[in-house]
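Per-entry structural report
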Amino acid sequence: MINNLVIVESPAKAKTIEKILGKNFQVKSSMGHIRDLSKNDLSIDTKKNFVPRYSVPPEKKKVVSELKSLVKKSKVVWLASDEDREGEAIAWHLAEELDLKPDKTRRIVFHEITKDAIEEAIENPREINQDLVNAQQARRVLDRLVGYELSPVLWKKIKPSLSAGRVQSVAVRLIVDREREIIGFKSTSAFKISAIFDVKGNKGKKYEVKAELTEKFTGKKQALDFLNLCKSAVFTVENVVKKPSRKSPSPPFTTSTLQQEASRKLGFSVAQTMAVAQRLYEAGKITYMRTDSVNLSNAALDAASELISRAFGEKYGNRKNYKTKSKGAQEAHEAIRPTGLDHETIAGTAAEKRLYELIWKRTIASQMSDAQLEKTTVTIGISNAREKFIAEGEVLKFDGFLKVYFESSDDEPEEDSAGLLPPIEKGMTLIYDNIAATERFTHYPPRYTEASLVKKLEELGIGRPSTYAPTISTIQQRGYVLKEDRPGRERKFSLLVLKNNTIREETKTENTGAEKNKLFPDNIGMIVNDFLVEYFGNILDFNFTAFVEKEFDEIAAGKLVWHKMIAKFYKPFHERVTSTLAKSAVNKGERKLGSDPETGKPVFVRMGRFGPVVQIGEVSAPEKPRYASLRKGQNLESITLEEALELFKLPRTIGKFEDKDMVVSIGRFGPYILHNSAFYSLNRNTDDPYTVEADRAIEIIREKRLKDQTKVLKTFPEDTELSILNGRWGPYIKYRKENYKIPKTTDPGKITYKECLALISNPPARKKGKK
């Protein structure tokens, strides 16, 4: 007989809790949800509205059977799934499927896996909160309905195997809208004027003061005219203003801010952050990691105050409790913090250590004093011009929380940060060392990173802490969005420098537009987005998605009946699906670019079966059209006729090697070089078939030949079709176009012809792989 059976979602969490509770409790994992909801499990009843019929998927039947067996032997069953809506739904599904009796079932929740928190939860059990369960059911059913009904529409109207989702499609829309802003952006230039003035100190020491003009000039002539004025100008300090300022610490982490800061400071993806945080929580190192609260418990506040006073001194402490400001914040969870603030670091993987230390620093810094600064602004007048130069400096008077932590930002870094200014007094005359007019260009809006997309979703009230990571992962897995680096391009700019009363003019180059870990919409993502916006605009409306989240909150608070909310949404939505299937045209994102100058045939871009293509000629014409695939980074919306025609320059001959032509082209398996009837693959990431040169092609051919020479380990005169080859996963036998494994205990260099035949006729049994 089992006195106490505790059921949690994951094996790691079960292991940690079992260590804490001891022998009187047996802890088992349900491996997440034990029941699922397929398309056939959703039914509409005119009286009861929606009736989801949950079923146990085949892969969970063994787990359910084991749990049922343990329940029969147990006196008390404790359902200890997470404290959010997802966790509450898991507990409800367990109670339903395992047929748990109310008198022997306890529901317990805790926001950290520590001895004190678990013991307190056991002393204060409660019933399953049906309102939270219903809120989760509503989200699950609504998302399945949208996915199940929209996806077949996309298959018929755009391309097979596509899918749509309520929150994911809105996230794609944000990225597509931003890309279109960038495509349509027209950059303009202006001349920024900066100066370096010489200032002499008390002991004759020379200092430099950097200052910037308050205005920019739109043209080179204006900038030149200003520099010519400066040749005879007198520069006088008109005002020196010193103002104290303060910098306050940020609140402790929520799910959203942790994902953003881990991306900026540690380079983690949103999915990686949540996976590492999950492990830390399940190991009892941090509090629950899906939260939108910035509140800290009194015990945590006391521990932080005591640690700060001991480690840094009393003046560094400033106890404060933050209030959640995020749109539609959920249940009153606690912020993400270490369970033991005395531990500045932990044992674990490098990623676990780095994320834990980030959480520790942010938590401690949130309870520290403001940093105190003094900002000095110097206004420098020009005797023969109305413009002013401004020099700024900043001095840190008291570091406060900056001793521990400084928050990063998604904003573009400024070129020059304000530093310490030398002693300057009003009325001083300054001598310029040099004055420069630099041409600067306006920049398009920044593309989203995973971190900035999470921030935007939270600002709009779209999704909740538990949905950000899966949403961003899903849109990438579906191929609607790409996360990648892209190189910049060279751009020329003008530089005018006044020095020793002489103006020097230069033309310089800079790299612009380079992107790192940014989110780009793929061509198929843009086509799907446009189709959904046209026919299902309400689903992709930002306000509608945020409104639905509010309705989920009302269900969780017991103010709204969940199946009525679903029915209200479903009827007009289903009618729209039916209408769209009947009336909408097939959408391939087709666009006519113009005519081919050689043949006069029309040139189109569109989505083909295997991706975006350029097409020369009509499908209905007697002569078949010619096709070429778009290159990486090219866009159906922005590609020009010239760029499209460039794609038809393959195959191209790039030179001779060993008196044979080297021809570059693109085939079914990617770009390649054809030489002497042999094929040599180009590296997809580094070699561009349109620009690759003869020297690089020769290098690729030689590398492949060398690799082929080392590939054949042994041949047999008895049968030329039998050989021992060195493959990706080690040596193997190749015989008559079939491959056979060589046991690890066998030396491939010493294997005989007879042993090979034995392995071919009786190959070793394969190990059973994972499903």
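Residues numbered from 1 in each chain as written. Predicted model: local features only at pLDDT ≥ 70, side-chain atom pairs only at ≥ 80, totals over all residues. Heavy atoms only, no water.

Topic: the packing of helix 9 (residues 270-282) against helix 13 (residues 468-477)
Rules: For helices, the axis comes from a line fit to the C-alpha atoms of the stretch in contact; other axes are also lines fit to C-alpha atoms, and the angle between any two N-to-C directions lies between 0 and 180 degrees. In DSSP terms, a helix is any run of H or I states spanning at least four residues, a strand is any run of E spanning at least two, and both are numbered starting from the N terminus. Each angle receives one of four descriptions, namely roughly parallel if under 35 degrees, roughly antiparallel if over 145, roughly perpendicular if within 65 to 115, and oblique otherwise. Working rule for handedness: look at the near helix, and if it is turned counterclockwise from the far one by less than a right angle, call the crossing left-handed; if clockwise, right-handed. Throughout, a residue-residue contact means that at least one pair of heavy atoms, one from each residue, lies within 4.5 Å. The residue classification treats Ala, Val, Leu, Ile, Met, Phe, Trp, Tyr, Cys and Pro as nonpolar and Asp, Glu, Lys and Arg as charged. All others, Gly included, are polar.
In the contact formed by helix 9 and helix 13, the axes pass within 8 Å of each other and the chain directions differ by 140°. In terms of their interaxial angle, helix 9 and helix 13 are classed as oblique. Where helix 9 crosses over helix 13, the two elements pack in a sense that is left-handed. Contact with helix 9, carried on its side by V270, A271 and M274, involves Y468, A469, I472 and S473 of helix 13 and no other residues of that element. Tallied by class, the residues present in the contact of helix 9 with helix 13 amount to six nonpolar, one polar and no charged.

Points about the side chain of K157
The criterion, for reference: Nitrogen and oxygen atoms within 3.5 Å of one another constitute a polar contact, given that in protein one can donate a hydrogen and the other can accept it, and given that sequence-neighbouring residues count only through two side-chain atoms.
Within the element layout of this structure, K157 appears in helix 5 (residues 130-157). At 2.8 Å, the side chain of K157 and the backbone oxygen of S584 are in polar contact.

Brief notes about the layout of surface pockets
Applicable threshold: For cavity detection a 1 Å grid was placed over the protein atoms alone, and a set of points counts as a cavity when a 1.4 Å probe fits there but cannot get out; an open set counts as a pocket when protein lies on both sides within 12 Å along at least five of seven lines, with lining residues being those that have an atom within 4 Å of a point. Grid points are joined across faces, edges and corners, and a volume is the space filled by probe spheres set on the points.
By volume, the second largest pocket amounts to about 1000 Å³. As for the second largest pocket, its lining consists of 35 residues, of which E86, Q136, S466, T467 and P470 are closest to the centre. Elements supplying a minimum of two residues to the lining of the second largest pocket: helix 3 (85-97), helix 5, helix 6 (166-183), helix 9 and helix 13. Counting residues per element, the lining of the second largest pocket draws most heavily on helix 5, which supplies eight residues.

Section: the pairing of strand 15 (residues 502-512)
When a strand is regular, its side chains alternate between the sheet's two faces. Heads up, the condition is: Here, a strand pair is defined by DSSP locating no fewer than two bridges between the strands.
With 11 bridges connecting them, strand 14 (residues 489-499) and strand 15 associate as antiparallel partners. Considered in strand 15, the bridge of K499 is made with T502. Counting the residues in the hairpin turn of strand 14 and strand 15 gives two residues, including N500, whose phi is positive at 55°.

A short note on the sheet that holds strand 19 (residues 611-616)
The antiparallel open sheet is built from four strands, whose spatial order is 17-18-19-20. Each having just a single partner strand, strand 17 (591-595) and strand 20 (626-629) make up the two edges of the open sheet. For this sheet, the mean angle separating the axes of adjacent strands, direction not counted, is 25°. Across four bridges, strand 19 lies against strand 20 in antiparallel orientation. Counterpart to I616 in the pairing with strand 20 is R626.

As for the packing of aromatic side chains
The following threshold applies: Pairing of aromatic side chains here covers Phe, Tyr and the six-membered ring of Trp, requires ring centres within 6.5 Å, and sorts the geometry by plane angle: under 30 degrees stacked, over 60 edge-to-face, intermediate tilted. In this scheme, Lys NZ or Arg CZ marks a charge over a ring once it lies within 6 Å of the ring centre and within 35 degrees of the ring normal.
For the structure on display, the rule yields 17 aromatic pairs. Here the aromatic cluster, defined as three or more aromatic residues joined through ring pairs, consists of F197, F217, F226, F235, F389 and Y432. The ring of Y405 has K265 lying over it, and the distance from NZ or CZ to the ring centre is 4.8 Å.

Focus: the pairing of strand 2 (residues 25-29)
This is how it is decided: When accessible area is computed with a 1.4 Å probe and restricted to protein chains, residues below 20% of their type maximum are described as buried, those above 50% as exposed, and intermediate ones as partly exposed. By convention, orient the strands away from the viewer: a clockwise path from the first strand over the helix to the second makes the crossover right-handed.
Burial along strand 2 is one-sided: the face carrying F25, V27 and S29 is buried and the face carrying Q26 and K28 is not. Direction of pairing for strand 1 (residues 2-8) relative to strand 2: parallel, over a ladder of five bridges. Its bridge partner being in strand 2, V8 is matched across the sheet by S29. In the classification by handedness, the crossover that spans strand 1, the intervening helix 1 (residues 11-21) and the parallel strand 2 is right-handed.

Quick look at the side chain of T379
Residue position: T379 is located in strand 10 (residues 371-382). The exposure class assigned to T379 is buried, which follows from its relative accessible area of 19%. T379 has contacts with T236, V237, E238, N239, K388, F389 and I390, leaving out every residue within four places of it along the chain.

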